[in-house]
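Notes for the structure review
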Amino acid sequence: MSMTLLRLSRAATAGLVAAAALTAAAHTAEAADTLGSAAAGQGRYFGTAVAANHLGEADYAATLNREFNSATPENEMKWDATEPSRGTFTFTAADQVVDHARSQGMDVRGHTLVWHSQLPSWVGGLGAAELRTAMNGHINGVMGRYKGRIHSWDVVNEAFQDGGSGARRSSPFQDKLGDGFIEEAFRTARAADPAAKLCYNDYNTDGVNAKSTAVYTMVKDFKSRGVPIDCVGFQGHFNSASPVPSDFRANLQRFADLGVDVQITELDIEGSGTAQADSYADVVEACLAVDRCTGITVWGVTDKYSWRSGGTPLLFDGDYDEKPAYDAVLTALGGDGGGDPGNGTASCTATYSRTADWNSGYNGQVTITAGSEPIGSWTTTVTFTSPQQVQATWNAATAWAGGGNVMTARPSWNGTLAAGASTSFGFTVAKNGSDAVPAVGACTAS
């Protein structure tokens, strides 16, 4: 059970519900100004890989919280990190990423359950029967830990060879269990968490080629036989020697036509300036052109922590400054002036209420209501009185200022509202001796 649910349960037990209303004036619209809010306005997510050991860096956390509405643990959910010894699971680092993301209202992609790399040494030494038991036990152990908290899982990762053969990659799973291990992994995963989307994920499959066609054939077979597969991930690691293929969109579409969602799961594009920006825009535009392309994840927040840092492949430089590629992505998503459904006249209001109260804390809720025109995104602030401390938030992406007392809230997924429609986000606050009502600032719509 998440900390948020624990607090909600405690608040419900307390049985004390108080309400206070505080409505802010509506402001003239401005364009969706973050990657996550702009993507949400297009019905998609825009996420990033997250490293637990960087969450303590203020600029890293602030950029993550402000810009993205989906998170993928970079290494924290891989087999060597979660089950280093057989049957002994360790989730400390993965929990950090999941708890942080969910506290910011982000969805989480699980990465990855069955992969030939980053395996602890004990896996490779097992015989076929023991390996099958271990594979299924690992899937159940990890998915069971996060059941109900993961949007989609990369169930099997990189199971096909590069080159023109279209053959399966040699791995302990392929070599000892044969072609059926992928199907078995997906069936086990479906039983472990029926609500999660189950994805196959690979690289060098972005265009139509022998490798992507082999994956396509597998997915088509799975769909025809009822094997549970919901999505296919295209990693999207590009550079000048391996650019965005001209048939990228057509390739995404042919998979979507099989009845699966498609996701760009590990996007990074080496380079700089206009060339890099144009390539990023091409990827975003291809995703937007395919109805079943549900979102994009870039593989890291800042160039300085990228696994390809020498190629400066991400949207923020080492000082967390926005690069031309950032502007290109935001524009392609309809942000920065491109996605205002109200033509400059949209408005919204923000109304606060305390939904639960107990001796040491309370739950608060802010309801965002669109004005007389539809909106594609919204922004508001909530100012807390020291020494109160916010312990959790949900249904919003947040950034902090004013010494940690002023929270700027933007939509994590719930930005698009019809005229007069409402959505809400919430937070749990430790009173620390103060029962002051937080002040909600103006609501800005786009």
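For the structure itself, consult the block above.
These lines cover the structure that appears in this document, whether it is placed above or below. (Residues numbered from 1 in each chain as written. Predicted model: local features only at pLDDT ≥ 70, side-chain atom pairs only at ≥ 80, totals over all residues. Heavy atoms only, no water.)

To continue, consider a negative patch on the surface. Taken together, Asp59, Asp319, Asp321, Glu322 and Asp327 make up a surface patch of like negative charges. Turning to its location among the elements, Asp321 is positioned in the loop between β11 (293-298) and α13 (324-332). (Patch = residues over 30% accessible without salt bridge, like charges linked within 9 Å, V, L, I, M, F, W, Y side chains within 5 Å. Areas by Shrake-Rupley, 256 points an atom, 1.4 Å probe, with all protein chains shown as cover. Salt bridge = Lys/Arg side-chain N within 4 Å of Asp/Glu carboxyl O. Lys, Arg positive; Asp, Glu negative; His and termini not counted. Charge placed at Lys NZ, Arg CZ, Asp CG, Glu CD. Helix = DSSP H or I, 4+ residues; strand = E, 2+ residues; numbered from the N terminus.)

On to the packing of helix α12 (residues 273-289) against α13, then. With their axes 8 Å apart at the nearest point, α12 and α13 run at an angle of 25° to one another. The angle between α12 and α13 falls in the class roughly parallel. Of the two elements, α12 crosses α13, and the hand of that crossing is right-handed. For the pair formed by α12 and α13, the contact residues are Gly273, Gln276, Ala277, Tyr280, Ala281, Val284, Glu285 and Leu288 on the first element and Pro324, Ala325, Ala328, Val329 and Ala332 on the second. (Axes fitted to C-alpha atoms, helices over the stretch in contact; angles between N-to-C directions. Parallel < 35°, antiparallel > 145°, perpendicular 65-115°, else oblique. Left-handed = near helix turned anticlockwise from the far one by under 90°. Contact = heavy atoms within 4.5 Å.)

Here we come to unusual backbone geometry. Trans is the common state for peptide bonds, and a negative phi is the common state for residues other than glycine. Here the residue pair His111 and Thr112 is connected by a cis peptide bond, since its omega of -5° sits within 30 degrees of zero. Tracing the backbone through its elements, the reader meets Thr112 in strand β5 (residues 107-115). Of note in the backbone geometry, Asn395 takes a positive phi value of approximately 65° without being a glycine. With respect to the secondary-structure elements, Asn395 resides in the loop between β15 (389-394) and β16 (397-401). Judged by its relative accessible area of 27%, Asn395 falls in the partly exposed class. (Buried < 20%, exposed > 50% of the residue type's maximum accessible area, 1.4 Å probe, protein only.)

Glancing now at the pattern of salt bridges. Counted by the stated rule, this structure contains 24 salt bridges. The partner of Glu183 in a salt bridge is Arg225, and the shortest N-O contact between them spans 2.7 Å. On the criterion of sequence distance, the pair formed by Glu183 in helix α9 (residues 180-192) and Arg225 in helix α10 (residues 210-225) is long-range, its members being 42 residues apart. What makes Arg225 partly exposed here is its relative accessible area of 41%. Salt bridges linked by common partners bring Glu183, Arg187, Asp221 and Arg225 together as one network.

Under the criterion given, the structure shown has three disulfides. Each disulfide pairs two cysteine sulfurs, and for Cys199 the partner residue is Cys231, the sulfurs being separated by 2.0 Å. Here Cys199 and Cys231 share a disulfide; its torsion about the S-S bond, -80°, makes the bridge left-handed. Taken together, the positions of Cys199 in strand β7 (residues 197-202) and Cys231 in strand β8 (residues 231-234) put the pair 32 residues apart, joining distant regions of the chain. The connectivity of the disulfides in the chain is 1-2, 3-4, 5-6, where the numbers refer to bonded cysteines in sequence order. (Disulfide = S-S within 2.5 Å.)

This part takes up α10. Here α10 contains 16 residues, and its C-alpha end-to-end distance of 23 Å stays within 8% of the 22 Å for a straight helix at 1.5 Å per residue. Of the residues making up α10, those classed as buried are Lys211, Ser212, Ala214, Val215, Tyr216, Met218, Val219 and Phe222. The inward-facing, buried residues of α10 abut α9, β7, β8 and α11 (248-256). For α10, the capping residue at the N-terminal end is Asn209, with a side-chain oxygen 3.1 Å from the backbone nitrogen of Lys211. Gly226 lies just past α10 and shows a positive phi near 80°. (Expected span 1.5 Å × (residues − 1). Polar contact = N/O pair within 3.5 Å; in protein donor to acceptor, adjacent residues only side chain to side chain.)

Keep in mind these numbers describe shape, not what the thing actually does.
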